Amino acid sequence: MQPAVYRILDANLDRAREGLRVIEEWCRFGLNHAEFTEQCKHLRQELATWHHSDLRSARNTPDDPGTGLTHANEATRGTIAHVLQANFCRVEEALRVLEEYGKVYRQDLTEAVKHMRYQVYTLESQLITQHRHQKLHQAMLYLITSPSETVFETVEAALKGGLTLVQYRDKDADDLTRLNHARALRRMCHEYGALFIVNDRIDLALAVDADGVHLGQHDFPVELARQMLGSQRIIGRSTHNGDDLYRAIQEGADYVGVGPVYETPTKAGRPAAGLDCVRHALEQCPIPWFAIGGIDANTVHDVLAAGAQRVSVVRAIMQAEQPTLAVQYFMAQLDQKRRSQMGQKFAKQDSITDPWM
Ligand SMILES: Cc1ncc(COP(=O)(O)OP(=O)(O)O)c(N)n1
Ligand SMILES: Cc1ncsc1CCOP(=O)(O)O
Ligand SMILES: [Mg+2]
């Protein structure tokens, strides 16, 4: 057996185990997810059983020309999602190398790492799903875009203000324009670690690998969207009354919009559902819900007082002179409401069990 093959197997066993350890640490300390943590640990330990001394003894780091190679993208990671993505790539590539070179070393290694590689693919999909849904539950402010010459500048300014959930909505543009805009906005949102949702169009959401789609009462049913998008993507539903809300929950929507609370020119012709829809959602909605419709600096206090914990806005940010400040204002109001509620809950019970907090 050529020493070079041993060196390749040694290096890639190290690479795979190191990448899994990076992922494991987020599962353990970032997600507090015992099952994912255990899966990573088991894969690491299984790889360790193949790391025999004949492979380790072939290591020759001083003569390794690769140690000096670096890539500009390796220096920094924009978000945790980028850290996870880079390390899943590292693990999957290393396992593929082990599988190929294992064919000239030991057939049982090849079989073992092939099985591990598919386990890692599944874990990656589960983690992406978990990450998306965790970010959805943590999102308190939801920007829905409106057609604008400065839509990209406005969204980026909002993301710089701490916005974590964006929906691309343009009822008038042609499909090619929507495709290009959605691609650009999805890239921008993910650079800032924000979720990107597409309004109405399941095909467009799939085409740009969006984090999800938002469907109105007269758009495609949630069931069809779920068949096309799977469980790993987010599906939101518009609701205007108690029946809509009940049905959306039964259909398995991941979140709902509740409103319009006030009449709004952004959704002309849709009558206001009033603050009662907020009060009803507070009592009846177990999934994340966003009050929407006519919410701005003048109305947000009443909407929060009626029980909203999350709000969705269009004009208040899209038409703001300074979108960054507008986002920071709303986030401060929402955080203050959340803290006051946490305080009240602690006052009422020994431990907080609210799954959305
Ligand atoms: C969060 C949220 N709620 C409601 C809507 C409205 O969706 P839209 O497609 O604009 O109108 P309908 O399909 O509900 O009539 C939304 N986009 N986002
Ligand atoms: C899309 C949508 N659905 C219900 S109200 C609304 C628009 C809300 O826009 P604005 O925040 O400008 O009132
Ligand atoms: Mg719609």
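In this text, all values refer to a predicted model and were calculated from it rather than measured experimentally. (Residues numbered from 1 in each chain as written. Chains lettered and ligands numbered in written order. Predicted model: local features only at pLDDT ≥ 70, side-chain atom pairs only at ≥ 80, totals over all residues. Heavy atoms only, no water.)

Got a minute to help me understand the overall build of the chain in this structure?
Along the backbone of the chain there are 14 helices and eight strands. Along the three orthogonal principal directions, the C-alpha set of the chain runs to about 75 × 55 × 40 Å. Buried residues in the chain amount to 45% of all 357 residues. Sequence separation of 24 or more characterises 60% of the internal contacts of the chain that already satisfy a separation of 6 or more. For the chain, the computed accessible surface area is about 17,800 Å², with 50% contributed by carbon and sulfur atoms. Charge separation in the chain, taken as the distance between the mean sites of 40 positive and 46 negative side-chain charges, equals 2 Å. (Helix = DSSP H or I, 4+ residues; strand = E, 2+ residues; numbered from the N terminus. Buried < 20%, exposed > 50% of the residue type's maximum accessible area, 1.4 Å probe, protein only. Contact = heavy atoms within 4.5 Å. Areas by Shrake-Rupley, 256 points an atom, 1.4 Å probe, with all protein chains shown as cover. Lys, Arg positive; Asp, Glu negative; His and termini not counted. Charge placed at Lys NZ, Arg CZ, Asp CG, Glu CD.)

Can you help me understand unusual backbone geometry in this one?
The general pattern is negative phi for most residues beyond glycine and trans for most peptide bonds. Pro260 follows Gly259 through a cis peptide bond whose omega is 5 degrees. If you trace the backbone, Pro260 turns up in the loop between β6 (255-258) and α11 (275-284). Not every positive phi belongs to a glycine, and Asn32 is a case in point at roughly 50 degrees.

What exactly am I supposed to notice about the site of ligand 1 here?
In the neighbourhood of ligand 1, 16 residues make up the surrounding shell, with Gln167, Arg169, Lys171, Ser238 and Lys267 lying closest. A distance of 2.7 Å is found between a nitrogen atom of ligand 1 and a side-chain nitrogen or oxygen belonging to Gln167. For ligand 1, an oxygen atom lies 2.7 Å from a polar atom in the side chain of Lys267. Burial of ligand 1 by the protein amounts to 92% of the accessible area it has alone, namely 420 Å². (Near = heavy atom within 4 Å. Polar contact = N/O pair within 3.5 Å; in protein donor to acceptor, adjacent residues only side chain to side chain.)

Teacher, can you tell me more about the coordination of the magnesium ion (ligand 3) here?
Perfect tetrahedral coordination of a metal by four donors corresponds to 109.5 degrees between them, and perfect octahedral coordination by six donors corresponds to 90 or 180 degrees. On the protein side, the magnesium ion (ligand 3) has Asp200 (OD) and Asp219 (OD) as donor atoms, found 2.0 to 2.1 Å from it. Within this pair, whereas Asp200 is found in the loop between β3 (195-199) and α8 (202-207), its partner Asp219 is found in the loop between β4 (212-215) and α9 (222-229), the two being separated by 19 residues in sequence. Judged by relative accessible area, which is 17%, Asp200 ranks as buried. (Donors = N, O, S within 2.8 Å, 3.2 Å for Na, K, Ca; no water.)

So what exactly am I meant to see when it comes to the side chain of Asn12 here?
As for its position among the elements, Asn12 is in helix α1 (residues 3-30). Contacts of Asn12, omitting those with residues within four sequence positions, involve Ala94, Val97 and Leu98.

Is there a simple way to explain the pattern of salt bridges in this structure?
Two side chains carrying opposite charge are able to pair once their charged atoms lie near each other. Tallied over the full model, the rule gives 22 salt bridges. Across the salt bridge formed by Arg59 and Asp14, the nearest N and O atoms sit 2.9 Å from each other. With Arg59 in the loop between α3 (53-56) and α4 (80-102) and Asp14 in helix α1, this pair connects stretches of sequence that are 45 residues apart. Notably, a salt bridge pairs Arg237 with Glu251, separated by 3.3 Å at the nearest N-O pair. Of the two residues, Arg237 sits in strand β5 (residues 234-239) while Glu251 sits in helix α10 (residues 242-251), which places them 14 residues apart along the sequence. Its relative accessible area of 5% is what places Arg237 among the buried residues. You can call Glu251 partly exposed: its relative accessible area is 31%. Residues joined by salt bridges that share partners form a network here, namely Arg96, Glu99, Glu100, Lys103 and Arg117. (Salt bridge = Lys/Arg side-chain N within 4 Å of Asp/Glu carboxyl O.)

Sorry if this is basic, but what is going on with the pairing of β5 here?
Two faces belong to every sheet, and in a regular strand the side chains alternate between them. β5 sits mainly inside the fold: six of its six residues count as buried. Covered by surrounding structure in β5 are Ile234, Gly236 and Ser238 together with Ile235, Arg237 and Thr239, the residues of both alternating faces. Pairing of β4 with β5 involves four bridges; the strand directions are parallel. Bridging across to β5, Val213 finds its partner in Ile235. Between the parallel pair β4 and β5, the chain is carried across by α9, and the sense of this crossover is right-handed. Here four bridges tie β5 to β6, and the two strands are oriented parallel to one another. (Pairing = 2+ DSSP bridges. Right-handed = clockwise from strand over helix to strand, strands pointing away.)

Where do I start with the UniProt feature "binding site: Mg(2+)" (unreviewed entry) in the chain in this structure?
Per the UniProt entry, the sites bearing "binding site: Mg(2+)" (unreviewed entry) are Asp200 and Asp219 in this numbering. These annotated residues cover 20 residues of sequence, and their C-alpha atoms all fall within 6.3 Å of one another, placing them together at a single site. Those residues in contact with Asp200, other than ones at most four positions away along the chain, are Lys171, Val213, His214, Leu215 and Asp219. Engagement of the side chain of Asp200 in a polar contact is seen with the side chain of Asn199, the distance being 3.5 Å. When its relative accessible area of 26% is taken as the criterion, Asp219 is described as partly exposed. The contact partners of Asp219, leaving out residues within four places of it in the chain, are Asp200, His214 and Arg237. (UniProt positions renumbered as here; feature names shortened; annotations may be inferred.)

Would you mind showing me how to read the site of ligand 2 here?
Taken together, Arg169, Pro260, Thr264, Thr266, Lys267, Ile292, Gly293, Gly294, Val313, Val314 and Arg315 are the residues near ligand 2. The contact in question runs from an oxygen atom of ligand 2 to an N or O atom on the side chain of Thr266, over 2.7 Å. Between ligand 2 and Arg315 there is a distance of 2.6 Å, counted from an oxygen atom to a side-chain nitrogen or oxygen. For ligand 2, the protein covers 94% of the area, taking 370 Å² as the surface of the free molecule. Each residue belonging to the shell around ligand 2 can be placed in one class, and the counts come to four nonpolar, four polar and three charged. (Nonpolar A, V, L, I, M, F, W, Y, C, P; charged D, E, K, R; others polar.)

In this structure, what is going on with the environment of Lys41? I would like to understand it.
Here Lys41 lies in helix α2 (residues 34-50). A sequence separation of 118 residues divides Lys41 from Leu159, and the C-alpha atoms of the two residues are 35 Å apart.

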